[in-house]
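An overview of the molecular structure
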Amino acid sequence: MKVLKGWLDKYVGGLDKVSVDVLVDKIHHSLAEVEGIEPVGEELREIIVAKVVKVYKHPKADRLWVTHVDIGGKIVTVVTGADNLKIGDFVPYTPIGAKVPVNPYPSKWDGVVRKKVLVGIESEGMLNSEYELGLGSDHSQIMVLNDTEFSTRLKPGTPLVEVLRLNDYLIEIENKALTHRGDLFGVLGMAQEVAGLFGLRFMPEKWWYSGYTMKGAQRDEIIISPDTGTLRYSVAIFKEVKARSTPWNIRSKLAAYGMPSHNFLVDVTNYLMLLAGQPIHAFDLDKLYKVAKIDRTKPIRFGVRWSRKGDKLLALNDKEYIFEDKEALLITFYDVPVAIAGIIGGKATAVDDSTSNVAFEIATFDKIDIRTSSMRLGIFTDASVVFSRQQDPEKVPGVVEALSILLNQRPTLGVDKYIQKRKIATIEVDVDRLSGFLDLDVKKTTVERLKGLGFDVKQEAEGRFSITVPSFRFDVSGEHDIAEEIVRLEGYKKVKTKLPKHPVAGTTMDMDLGVTRKLRNAFVTLGGTETQNYSFVSHEQVRLIPNREPYLYRITNAVSPEVSYVRNEIVTQLLWTIRSNKASFRRVFMFEIGKVFDKRWGQTSEQVPVEHVAAASVMAGDDTFTDFYTVKRILLSAVMEPLRIKSSELGFVRLDSPVLNQVLNRYQERRKRSGPILDLKALFAPVRSAYILKGDTIVGILGEISAKIKHQLAIEEFGKVVALYVDITDLLSFEKDGRKAHGIGRPIKGAPIIQDICFVIDNNTFIADIEKGIRAAVGEIQNKYGEDIVRDFFVIDIYPYENNRNVTFRFVFGSEKRQLADKDVTKARELIINSVVAATGASVKD
Amino acid sequence: MPSAQKIIDRLSLQYKEAINKASKLEDLEAFSRLRNKVISEIKAQFGVIKELPPEERRYFGASLNQLLDEVQARFEELGAQLKERILQKMDFDNPIDVTAPWHKGGLDQQKIPLLRGNKHPLTEEIEKILDIFWGMGFNLYWGRQLDDDYHVFDALNIPPGHPAREAWDTFYTEEGFIPTTHTSNMQIRVIKDQLAKGDVVKAAVVGRTFRNEEVDATHSHTFYQMEGVVVHKKASLGELLGVLKEFLERYFNKKIEFKVIPAHFPFVEPGLEFSIKCTFCDGKGCSACGRKGWLEILGAGMIHPQVLENAGVDPQVYKGYAWGFGVDRLVMTKLGIDDLRLLYSNDLNVLARRK
């Protein structure tokens, strides 16, 4: 949104004494951020006024004319192709070396004026058409400035910008910052605001918000479809309008905003849009009847309705639109579409130089209707930008009066349909309450400053006021809005800052936030580098694992191709990450903790997708350390230890284990819950990788990335690549159920007894089988001793040979009641050995 | 002199044998040795052309080329199969006991290679920011990432069709869920959560947020936001400004000078933009502040009564304020990074660069 400083000055008493910088600072601090200040007419700076002193036909060229022009104390010769000049004319002149603002022949010429000999006569400079100056569309003749309006300023050598009063500034405010302030999209609305902010007098045009009334004919009508939000639709008919040129006071304003002059009627509508913030559309009344194929004697019948499938309109931008049902809001004449409401008119009914009877549409649409149409069709015009902010229907009669003044005739007919007159809001405010809310000393005089912004302020009692909101302020409805007005008027600088007085105790941290911080610290301590991959994955990344696509949330409207799905695990991205680092690193250890989503998990009680927190890590490098057991160690140290989960609480099942599938087939629910982890199986070497179980839930996966995947992703150079992935949310879901009481952690009387047992097992027996055997003995030990004296047990040595392994377990025995002696644990030891042997067929080595 | 057909027949036979042999190999090196040998033998036969009678040369050349193509294709196919078999074997050979703590040896096998680890610069900064809020008595939350229209827009006083929705280029899933455009999606949740426990809400939310944009040096479709939400009976504008000043002074570890300009966000009223005098150049103008002398830090405001109502709170009794800011830009400014993409490149050179 742009506003011309000099134009504001006209309507705010004393603003002409305020510099543009001070004005901008005020707007910046009290209204919205100013994007920039743009000097107007910059490209016209070098053009000056010249006076024709002699003009004659070129002696040797038929279509050229020779002029002698006074450029201020110097007469120069200029040869021109235009034939409209006479002695005494004032014309724009571009001197040698300057550039023509609008180059009419961009392919042939760089636009810089040079000395040139034209059929034997030297031409020094150039006389310009309106088109070349960006002031109009006429390129057939030299622009003549003899208009009486500037007679006092017309002196040879005077800069054109001074003559046209274009030495001004456009202040630009971002449209998005003013979505709530439709009233500021015209100079008069902005002038009221600025006057209020500075405490200066607002001096609007006398027609502004006038109660002007039009005469209507009984039979004419406007049919507004009830499914639109249209507030008011008015048509003013002016008959036998005499074609004339647009006066310079209007053209110079349009020029300042960069709008070339078209014809008088269009210029007037553009001018009033800028001034009043009211887009107006001018229809040629005779063409309306013609297009609708209706007899000229029939009454006027406009309509506002949503498009129906198949409706067609060739718009002023020369594009033909064929509409869908309810795609855009249309203006119709006898139900024939003639304009896209609030956005763009139809070509067939547009006014032109020969138009005699005009129908001006002055309407107030619902901002959402216009915005919706504009977005759906992808058309953004000056009018649609203004109408996408709510406009005030009360403004309409005054704008009709303005039209009648500019056209210098009264409308012959008018139709005005005012659907709903808005109730004017009245807000009760209390200065003490406002002072407390704003930490600002709000006084009676402060509240009264609201009058400057158009509010009506009435004192009800000491410190209490009733405030009537002006009809154009759609954004003000309650005391909080008045609070904002007050702090804007007073300035945020006056607000007294303070800190809340609440005890700093009992603060809580989202469990996931606390947990992830612990894990992150542990990973970093072990040497991991944290990555941040996007929450989105590409098609290619999804396809790395077959058949998982249906379970990922798919993004339908992304502009970036890598944003195709929401990730449901993190390992795939980490594999991509090590690939992108392979040129510079031979060894990497990375981890990432983040949120993941999977459709199989369904939705929460709020009907939003269930979200899980997951941790993943990848290590790569041809290194003796990079194997399954390293990554298992990392799992235990970086994930489980910080969460106080012991390895004995976890199960590890090799990916090729047949038992697992049997279990999963029995529990389809579990298959859903662990879906992403089960999918990840496709990335791992089955016999050197495992699922991680907590209880009987699969909470993660770890192991070696398969040779096939390494080959596919071209990361074979690293040698071994190992990875781990844990669904932290699932892992922690057990915490809520309460941890199972465990022998470990209870006090021991005296010193514990430590004994080692070496089991000999074959290669088909897992260490977990021994552990199972040990746990199976606990019941009997409890019976025998009255308590579980096995406080801890763990592997301390493994010795593989031929087809066997010697696995040495260390046992920690202790009692709560008494100091144990070696002989006291003999029975327990025997029970353990028996149980393990029965379970595994192991033998015991002495 | 051998006729062309004879030579071709002989070579075909030879090549069949070689292929047969190659298909039984299980070693990539031996395979490629054999392949190279066969192919160079066939190629060598091109030298025979000049010894043939002129009328046979053309036929011979064409047949030899065809044979060479066939052999090469066949070897390629076999090579791919062999590679597949080898990869398969690598994945299924050498099963291990995944329940063991290590492969062999004693307790000293529990080793992990020593590397230098690093937190990501973004999380490092987030942890620092959260610590400050924690120290100021705020409860900390991790924001939801995939959310619905209600929490992202409606609850925040941004109904469908509202022009403020233009300000955000929003991603949608097929189901109409939204990768949230801001951490404000947590506002009514944290207010409800904390008012169920007491009568003061003091919450800081961190989360990933998303906009449908092309990635370039200054834009990203993914970034981190921090949100602050305070609700209690006497919450006020001065308190909001006080809290922001306090937080930023702790964060930059020095006194700050701030300025406030009005801004419109539908979920606050009054709404404002909070800038501080550039902490890097003391307002003189530098690359960090874009020569403006001020750093635009965050957007804030008094929570709109409608939002409080949506959170089930009586706006006559409770007042509130909230603010939000992007973490990424803060990190970039602090680290002197001028390309946003570096933060998500996961380039170890960048991640390990810091001390």
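Here is a short report on the structure shown in this document.

1. Re the nonpolar core
Counting residues in each nonpolar core, the largest one holds 146 residues, and the members touching the most others are A:V639, A:F809, A:F813, A:I832 and B:W323. Sequence-distant contacts of A:I832, defined by excluding residues within four places in its chain, comprise A:I757, A:F759, A:I774, A:A777, A:I781, A:V790, A:F811 and A:F813. A:L31, A:L145, A:V241 and A:V351 belong to the second-largest nonpolar core, a separate cluster that totals 82 residues.

2. Concerning the interface of chain B and chain A
Opposite the 117 residues of chain B that make contact, chain A presents 124 residues. Of the roughly 10700 Å² buried where chain B meets chain A, counting both sides, 60% is carbon and sulfur surface. Inspection of the chain B/chain A interface yields eight salt bridges. For B:E174, the salt bridge identified is with A:K599, shortest N-O distance 3.6 Å. Inspection of the region where chain B meets chain A yields 55 residue pairs in polar contact (both at pLDDT 80 or more). Its residues assigned to classes, the side of chain B that touches chain A comprises 53 nonpolar, 33 polar and 31 charged. Note: strand β35 (residues 790-801) of chain A against strand β1 (residues 105-106) of chain B, two bridges, orientation antiparallel. Note on β1(B): the bridge partner recorded for A:I798 is B:G105.

3. Some remarks on the pairing of strand β3 (residues 48-57) of chain A
Bridging between β3(A) and strand β6 (residues 90-94) of chain A involves four bridges; their strand directions are antiparallel. Residue A:V49 lies in a different strand from β6(A), and its bridge partner there is A:P92.

4. Topic: the sheet that holds strand β31 (residues 684-694) of chain A
All names here are of chain A. In spatial order, the strands read β25-β28-β29-β33-β32-β31-β30; together these seven strands make up an open sheet with mixed pairing. Both outer strands of the open sheet, β25 (529-530) and β30 (650-654), are each paired with one neighbouring strand and no more. Pairing between strand β29 (residues 611-620) and strand β33 (residues 721-727): seven bridges, direction antiparallel. Counted as the bridge partner of A620 is V721 from β33.

5. Considerations on the pattern of salt bridges
Where charged atoms from two side chains of opposite charge come close, those side chains can pair. Residues and elements named next belong to chain A. In the structure shown here, the tally under the stated rule is 68 salt bridges over all chains. Linking D756 and R810 is a salt bridge whose minimum nitrogen-to-oxygen distance equals 2.8 Å. Here the residue D756 occupies a position in strand β34 (residues 753-762), and R810 occupies one in strand β36 (residues 804-813), the gap between them amounting to 54 residues. With relative accessibility at 31%, the residue D756 sits in the partly exposed group. A relative accessible area of 27% means that R810 is categorised as partly exposed. Here R791 ties to E787 by a salt bridge, and the two come within 3.8 Å at their closest N and O atoms. Beyond isolated ion pairs, a larger network of salt bridges with shared partners links R181, D183, E193, R473, D475, E485 and R488.

6. Here's the deal with the packing of helix α2 (residues 28-44) of chain B against helix α3 (residues 54-92) of chain B
Residues and elements named next belong to chain B. Close contact between α2 and α3 brings their axes to 10 Å; oriented N to C, the two are set at 180°. Classified by the angle their axes make, α2 and α3 are roughly antiparallel. Two secondary-structure elements touch here, α2 through L28, F31, R35, V38, I39, I42 and K43 and α3 through L64, L67, L68, V71, Q72, F75, L78, G79, L82, K83 and I86. When its residues are assigned to classes, the contact of α2 with α3 shows 13 nonpolar, two polar and three charged.

7. Digging into helix α17 (residues 628-640) of chain A
At 3.6 residues per turn, the α-helix brings residues three or four places apart onto the same side. The element α17(A) is largely enclosed, with a buried count of 13 among its 13 residues. For α17(A), the N-terminal cap is A:D627; the gap from its side-chain oxygen to the backbone nitrogen of A:Y629 is 3.0 Å.

8. So, the sheet that holds β3(A)
All names here are of chain A. Strand order in the open sheet formed by five strands is β5-β4-β3-β6-β9, and the pairing between neighbours is antiparallel. Here the strands that pair on one side only, and so sit at the sheet edges, are β5 (75-80) and β9 (126-127). Of the pairings in the sheet, the one linking β3 to strand β4 (residues 65-70) comprises six bridges and is antiparallel in character. Bridge assignment links K51 to a residue of β4, and that residue is D70.

9. Thoughts on the environment of A:I368
Relative to the elements of secondary structure, A:I368 occurs in helix α8 (residues 367-377). Linking A:I368 and A:L678, residues 310 residues apart in sequence, is a C-alpha distance of 48 Å. Not counting chain neighbours up to four residues away, the residues in contact with A:I368 comprise B:P160, B:G161 and B:H162.

10. Brief notes about the packing of helix α23 (residues 767-776) of chain A against helix α25 (residues 826-840) of chain A
Residue and element names in this part refer to chain A. Running from amino to carboxyl end, α23 crosses α25 at an angle of 135°, the nearest separation of the two axes being 8 Å. What the angle tells us is that α23 and α25 run oblique. As α23 packs across α25, the resulting crossing turns out to be right-handed. Residues D769, I770, G773, I774 and A776 of α23 form the contact with α25, whose own contacting residues are I832, S835, V836, A839 and T840. Counted by class, the contact of α23 with α25 contains six nonpolar, three polar and one charged residues.

11. Thoughts on the side chain of A:N568
Residues and elements named next belong to chain A. Residue position: N568 is located in the loop between β27 (565-566) and α16 (571-580). Relative accessible area serves as the criterion here: at 2%, N568 is assigned to the buried category. A polar contact of 3.3 Å, which involves the side chain of N568, links it to the side chain of R548. A distance of 2.7 Å separates a polar atom in the side chain of N568 from a polar atom in the side chain of D598. Not counting the four nearest positions on each side in its chain, N568 is found in contact with R548, L552, V596, F597, D598, R600, P676, D679 and Y725.

12. Some details on the environment of B:P305
Positionally, B:P305 belongs in helix α8 (residues 305-310). Once the C-alpha coordinates of B:P305 and B:D147 are considered, the two residues, 158 residues apart in sequence, prove to be 23 Å apart. Contacts of B:P305, omitting those with residues within four sequence positions, involve A:H480 and B:P315.

13. Topic: helix α13 (residues 479-490) of chain A
Residues and elements named next belong to chain A. Compared with the 16 Å implied by 1.5 Å per residue over twelve residues, the 16 Å span of α13 between its first and last C-alpha is a close match. Within the span of α13, buried status applies to H480, D481, I482, A483, E484, E485, I486, V487, R488, L489 and E490. Of the residues one or two after α13, G491 is the one with positive phi, at around 95°.

14. As for empty space enclosed by the protein
This model, assessed by the stated rule, comprises six cavities of 30 Å³ or more. Of the pockets and cavities examined, the largest cavity occupies roughly 230 Å³. Lining the largest cavity we find 23 residues, and of these A:L513, A:R520, B:T123, B:W142 and B:Y224 sit closest to its centre. The set of elements that each furnish at least two residues to the lining of the largest cavity consists of α14 (511-526) and β28 (588-597) of chain A together with α4 (121-135) and β5 (201-210) of chain B.

Basis of the calculations
- Starting from 1, residues in each chain are numbered consecutively following that chain's sequence as written.
- All chains are assigned letters beginning with A, and all ligands numbers beginning with 1, in the order in which they are written.
- Residue-level local features of this predicted model are given only where pLDDT is at least 70; pairs of side-chain atoms are given and counted only at 80 or more, and the full residue set underlies all totals for whole chains, interfaces and linings.
- Only hydrogens and water are removed before side-chain values are computed, so all heavy atoms of the structure are retained for them.
- As used here, the term nonpolar core means buried Ala, Val, Leu, Ile, Met, Phe, Trp, Tyr and Cys residues forming a set that is joined through side-chain atoms within 4.5 Å.
- Relative accessibility thresholds used throughout: buried, under 20% of the residue-type maximum; exposed, over 50%; partly exposed, between the two (1.4 Å probe, protein chains only).
- Contact definition: two residues touch when any of their heavy atoms are within 4.5 Å.
- Here the quantity called buried area is the accessible surface, traced with a 1.4 Å probe, that two parts lose on coming together, added over both.
- Should a side-chain nitrogen of Lys or Arg be within 4 Å of a carboxyl oxygen of Asp or Glu, the pair is scored as a salt bridge.
- Each polar contact in these results corresponds to two N or O atoms within 3.5 Å; when the atoms are within protein, one needs to be able to donate a hydrogen and the other to accept it, and residues that are neighboring in sequence are counted only if both atoms are side-chain atoms.
- Lys, Arg, Asp and Glu make up the charged group, whereas Ala, Val, Leu, Ile, Met, Phe, Trp, Tyr, Cys and Pro make up the nonpolar group; the residues left over, Gly among them, are polar.
- The pairing criterion is simple: DSSP has to find at least two bridges between the two strands.
- Numbering of helices and strands runs from the N terminus, with a helix taken as a DSSP run of H or I at least four residues long and a strand as a DSSP run of E at least two residues long.
- Orientation is described by lines fitted to C-alpha atoms, with helices fitted over the stretch in contact, and by angles between N-to-C directions that extend from 0 to 180 degrees.
- An angle counts as roughly parallel when it lies under 35 degrees, as roughly antiparallel when it exceeds 145, as roughly perpendicular when it falls between 65 and 115, and as oblique in every other case.
- The sense of a crossing depends on the near helix, which, turned anticlockwise from the far helix by less than a right angle, makes the crossing left-handed and, turned clockwise, makes it right-handed.
- Helices are assigned an expected span. That span is 1.5 Å times one less than the residue count.
- Using only the protein atoms, space was sampled on a 1 Å grid; points where a 1.4 Å probe fits but cannot get out form cavities, open sets with protein on both sides within 12 Å along at least five of seven lines form pockets, and lining residues are those with an atom within 4 Å of a point.
- Grid points are joined across faces, edges and corners, and a volume is the space filled by probe spheres set on the points.

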